[in-house]
Amino acid sequence: TALGFALYPFATSVAELIVYRIIVAFGTAAMVGMMVTVIADYSRNSTRGKANGLQGLIATLGAFLPPLLGVLPKLFVDQGFDELAAQRMTFGSAAALGVVGAVVVLVGLAPGVGRVGQAAGESIATMLRHGLRASRDPGIALSYGAAFISRGDLAVTGAFLSLWLVQFGTGSLGMAPSEAMFELAVPRVITVVCGALVGALLMGWISDKLSRVTAVSIAAGLAAAVYLSIFFVQDPTAPWVLGLLAFMGVAEISAFVSSQALVGERAMAERRGAIIGLFGVSGAIGILIGTAGGGWLFARFGPSTPFVLFGCLNAVVFLWSLRVRALRL
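Anyway, here's the lowdown on the structure attached to this text. (Residues numbered from 1 in each chain as written. Predicted model: local features only at pLDDT ≥ 70, side-chain atom pairs only at ≥ 80, totals over all residues. Heavy atoms only, no water.)

### Quick notes on the overall build of the protein chain
Inclusion rule: Strands are runs of DSSP state E lasting at least two residues, helices are runs of H or I lasting at least four, and both sets are numbered from the N terminus onward. What the globule rule says is 2.2 Å times the number of residues to the power 0.38, and the radius of gyration is computed from C-alpha atoms. Per-residue accessibility, obtained with a 1.4 Å probe over protein chains only, is compared with the maximum for each type, and a residue is labelled buried under 20%, exposed over 50%, and partly exposed between these values. We call two residues in contact when some of their heavy atoms are within 4.5 Å.
On a plain count of helices and strands, the protein chain comes out with 13 helices and zero strands. The order of α-helices and β-strands along the protein chain, N terminus first, is α-α-α-α-α-α-α-α-α-α-α-α-α. On C-alpha atoms alone, the protein chain measures out to a radius of gyration of 21 Å, which is about the 20 Å that the 2.2 N^0.38 rule sets for 329 residues. Put simply, the protein chain has 329 residues, and 43% of those count as buried. Contacts spanning at least 24 positions in sequence make up 75% of the contacts within the protein chain whose residues lie at least 6 apart.

This is the structure in structure tokens:
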């Protein structure tokens, strides 16, 4: 990830830019999978929910980093650097964060934790087959579905909430795009993030007090109610919408935390990498549908439709989780 960020501002063509973006995407996808794996390896089952809740809390705090990095180009220009140099230094700062993270885990992670050895030498295809076979366990299959909706929820909120507010500000209120972003989008995105900070700790506690399947039920049910409620929003700047956005933050991070706690509990140690790998693939498909499918719905049928889509999908996972709970699995 650090390498991709370091190379990104040196691209001289669109094709080269895409290559560097693929490097970033590969690194970040692998990092998400390993974050879940490390938490699963290091945490005891009795505190697995809290561990994932703390991870969700830190990940939410990380959402504040891009805006902070976004102010660096102007600071560098004010110091006398040209625009290109300022952009390269900004991306270099992001790359430096990745290097720091790599050093921290290299030094800080204990060697051998979670290593069982049975899968040594297996091909990726074999490991994937084992991951698919593991979905015969209803709890693991449910965790794949929960990964799909939780990552999709985050993608829809991240991609379309600010866009909706900027379009509303420029189209209905006559604001400039930058003005709409600063005055309308930023405060409401911060509201979502603050809700997520609370939700991460709350769902971590719930995941340890109740069964992990029940935690997924609560998270998916709440997310279904919140995202379906967006259908009734005509004016996204209305005061009552702020409360709904706060609950949106709670719901989306709750789905994130509860899904990770469930897969960490159900994934057997000797196949944990394969199972969590497919868990990550399910999440990636959710992101793809949330961004690509949601973008088509946003442009064709209106700004609330991507949220309504994932409200329906959350409702499906909610009913699915109730079925798994009824089986007591």
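### Some points on helix 2 (residues 14-42)
This is how the line gets drawn: Residue count minus one, scaled by 1.5 Å, sets the expected span of a helix.
The terminal C-alpha atoms of helix 2, which comprises 29 residues, lie 41 Å apart, in line with the 42 Å expected from a rise of 1.5 Å per residue. Where helix 2 is concerned, the buried positions are Y20, V24, G27, G33, V36, T37, I39 and A40. Looking at the packing, one finds that the buried side of helix 2 touches helix 1 (2-7), helix 3 (48-62), helix 8 (138-172), helix 11 (239-266) and helix 12 (272-301).

### A word on the packing of aromatic side chains
To be explicit about the condition: Ring pairs are drawn from Phe, Tyr and Trp, using the six-membered ring of Trp, whenever the two centres fall within 6.5 Å, and their geometry is named by plane angle: stacked under 30 degrees, edge-to-face over 60, tilted for the rest.
Counted by the stated rule, this structure contains nine aromatic pairs. Centre to centre, the rings of F148 and F310 are 6.1 Å apart; their planes meet at 25 degrees, and the pair counts as stacked. With F148 in helix 8 and F310 in helix 13 (residues 305-327), the pair connects residues that are 162 residues apart, well separated along the chain. Here F148 matches F310 in class, with each residue buried.

### Considering empty space enclosed by the protein
One way to see where empty space is left: roll a probe the size of a water molecule over the atoms. For the record, the criterion: Only protein atoms enter the 1 Å grid, on which a cavity is a set of points fitting a 1.4 Å probe that cannot get out and a pocket is an open set with protein on both sides within 12 Å along at least 5 of 7 lines, lining residues being those with an atom within 4 Å of a point. Grid points are joined across faces, edges and corners, and a volume is the space filled by probe spheres set on the points. Residues were grouped as follows: Ala, Val, Leu, Ile, Met, Phe, Trp, Tyr, Cys and Pro as nonpolar; Asp, Glu, Lys and Arg as charged; and all remaining residues, including Gly, as polar.
According to the stated counting rule, one finds one cavity of 30 Å³ or more in the structure shown. Approximately 50 Å³ is the volume found for the largest cavity. L161, W164, I230, V233, P236, V241, L245, M248 and F307 together form the lining of the largest cavity. Among the elements that make up the lining of the largest cavity, the one with the highest residue count is helix 11 (three residues). Per-class residue counts for the lining of the largest cavity are nine nonpolar, no polar and no charged.

### Notes on the environment of F182
For F182, the location among the structural elements is in helix 9 (residues 177-209). C-alpha of F182 to C-alpha of L202: the two residues are 20 residues apart in sequence and 30 Å apart in space.

### Re the pattern of salt bridges
A side chain with one charge can pair with a side chain of the opposite charge if their charged atoms come near. Short version of the rule: One speaks of a salt bridge when a side-chain nitrogen belonging to Lys or Arg is within 4 Å of a carboxyl oxygen belonging to Asp or Glu.
Per the stated rule, a full pass over the model turns up five salt bridges. Of the charged contacts in the structure, one is a salt bridge between D208 and K50, with a shortest N-O distance of 3.2 Å. With a gap of 158 residues between them, D208 in helix 9 and K50 in helix 3 connect regions that are remote in the sequence. Overall, the relative accessible area of 16% leaves D208 in the buried class. Of the residues examined, K50 reaches a relative accessible area of 37% and is grouped as partly exposed. When the shortest N-O distance is used, the salt bridge between D208 and R212 registers 2.9 Å. The exposure class of R212 is buried, given its relative accessible area of 5%. By sharing partners, the salt bridges in this structure join K50, D137, D208, R212, E265 and R266 into a single network.

### A word on a nonpolar patch on the surface
Quick note on the threshold: Exposure above 30% relative accessible area and no salt bridge define the residues that can form patches, which grow by joining like charges within 9 Å and nonpolar side chains of Val, Leu, Ile, Met, Phe, Trp and Tyr within 5 Å. Note on areas: Shrake-Rupley, 1.4 Å probe, and residue coverage restricted to the protein chains presented here.
Together, Y42, V100, V104, V105 and L109 give the surface a local cluster of nonpolar side chains, amounting to about 430 Å² of exposed area. On the basis of relative accessibility, which here comes to 39%, the residue Y42 falls in the partly exposed class.

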